[in-house]
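Geometric and topological summary
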Amino acid sequence: HGACGLWGLLAAGLFGNPDEGIGGNGVFYGGDQLGTQIVAAIVIALWVGALSVAIMLPLRLVGALRLSDEFQDKGADLMEHSPSKAYGNKAGETVA
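Treat the numbers as computed from the prediction; the structure is a model and nothing was measured.

**Description of the overall build of the protein chain**
Along the backbone of the protein chain there are 5 helices and 0 strands. Taken from N to C terminus, the helices and strands of the protein chain fall in the order α-α-α-α-α. Here the analysis covers contacts within the protein chain between residues at least 6 apart in sequence; of these, 19% occur between residues at least 24 apart. Roughly 7,700 Å² of accessible area belongs to the protein chain as shown, and the carbon and sulfur atoms make up 64% of that amount.

**Concerning the pattern of salt bridges**
Counting across every chain of the model gives 1 salt bridge. The salt bridge involving glutamate 70 is made with lysine 74; its shortest N-O contact spans 3.5 Å. Pair noted here: glutamate 70 and lysine 74 are both in helix 3 (residues 69–74), with a separation of 4 residues, about one helical turn. Judged by its relative accessible area of 48%, lysine 74 is partly exposed.

**Details of the side chain of glutamine 37**
You can see glutamine 37 is positioned in helix 2 (residues 33–61). For glutamine 37, a relative accessible area of 12% corresponds to the buried category. Polar side-chain contacts of glutamine 37 include one of 2.8 Å to the side chain of glutamine 33. The contacts of glutamine 37, once residues within four sequence positions are left out, are Leu9, Leu10, Ala12 and Gly13.

**Examining the environment of glycine 31**
Relative to the helices and strands, glycine 31 is located in the loop between helix 1 (2–15) and helix 2. Given the relative accessible area of 17%, glycine 31 is considered buried. Here the alpha-carbon distance between glycine 31 and leucine 14, two residues 17 residues apart in the chain, equals 8.5 Å. In this view, glycine 31 contacts Asn25 and Gly26; residues no more than four positions away in its chain are not counted.

**Concerning the environment of glycine 23**
Positionally, glycine 23 belongs in the loop between helix 1 and helix 2. C-alpha separation for the pair glycine 23 and glutamine 33, spaced 10 residues apart in sequence, amounts to 10.0 Å.

**Points about the packing of helix 1 against helix 2**
Look at helix 1 against helix 2: their axes get within 7 Å of each other, and the N-to-C directions meet at 160°. Taken together, the axes of helix 1 and helix 2 are roughly antiparallel relative to one another. By crossing handedness, the relation of helix 1 to helix 2 is classed as right-handed. Residue-level contacts link Leu6, Leu9, Leu10, Ala12, Gly13 and Leu14 of helix 1 to Gln33, Leu34, Gln37, Ile38, Ala40, Ala41 and Ile44 of helix 2.

**A few points about helix 1**
Its 14 residues place the ends of helix 1 20 Å apart at the C-alpha level, agreeing with the 20 Å of an ideal helix rising 1.5 Å per residue. Taken together, the buried positions of helix 1 are occupied by Leu9, Ala11, Gly13 and Leu14.

Rules used throughout
- Residues numbered from 1 in each chain as written.
- Predicted model: local features only at pLDDT ≥ 70, side-chain atom pairs only at ≥ 80, totals over all residues.
- Heavy atoms only, no water.
- Helix = DSSP H or I, 4+ residues; strand = E, 2+ residues; numbered from the N terminus.
- Contact = heavy atoms within 4.5 Å.
- Areas by Shrake-Rupley, 256 points an atom, 1.4 Å probe, with all protein chains shown as cover.
- Salt bridge = Lys/Arg side-chain N within 4 Å of Asp/Glu carboxyl O.
- Buried < 20%, exposed > 50% of the residue type's maximum accessible area, 1.4 Å probe, protein only.
- Polar contact = N/O pair within 3.5 Å; in protein donor to acceptor, adjacent residues only side chain to side chain.
- Axes fitted to C-alpha atoms, helices over the stretch in contact; angles between N-to-C directions.
- Parallel < 35°, antiparallel > 145°, perpendicular 65-115°, else oblique.
- Left-handed = near helix turned anticlockwise from the far one by under 90°.
- Expected span 1.5 Å × (residues − 1).

Given below as structure tokens:
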């Protein structure tokens, strides 16, 4: 989403054609929309970064972003997803 969204944002500043009637003002058509699009990309990146830190940092501080050692040792598939139901084998059996 990030890379393609950024390309879409910048492409409007490059290829926006004023003759299309949709408000285009791209650099390839003599316009100056690219600068506005770059500023918008920076603002979006800062906004997403700030919100990500605001959400992820508290989760990290309380230890909610990592599985316990028991989960890691046994595997999340076994501990969380019930492979005996998902794969049709009994607990402890291996599937060949």
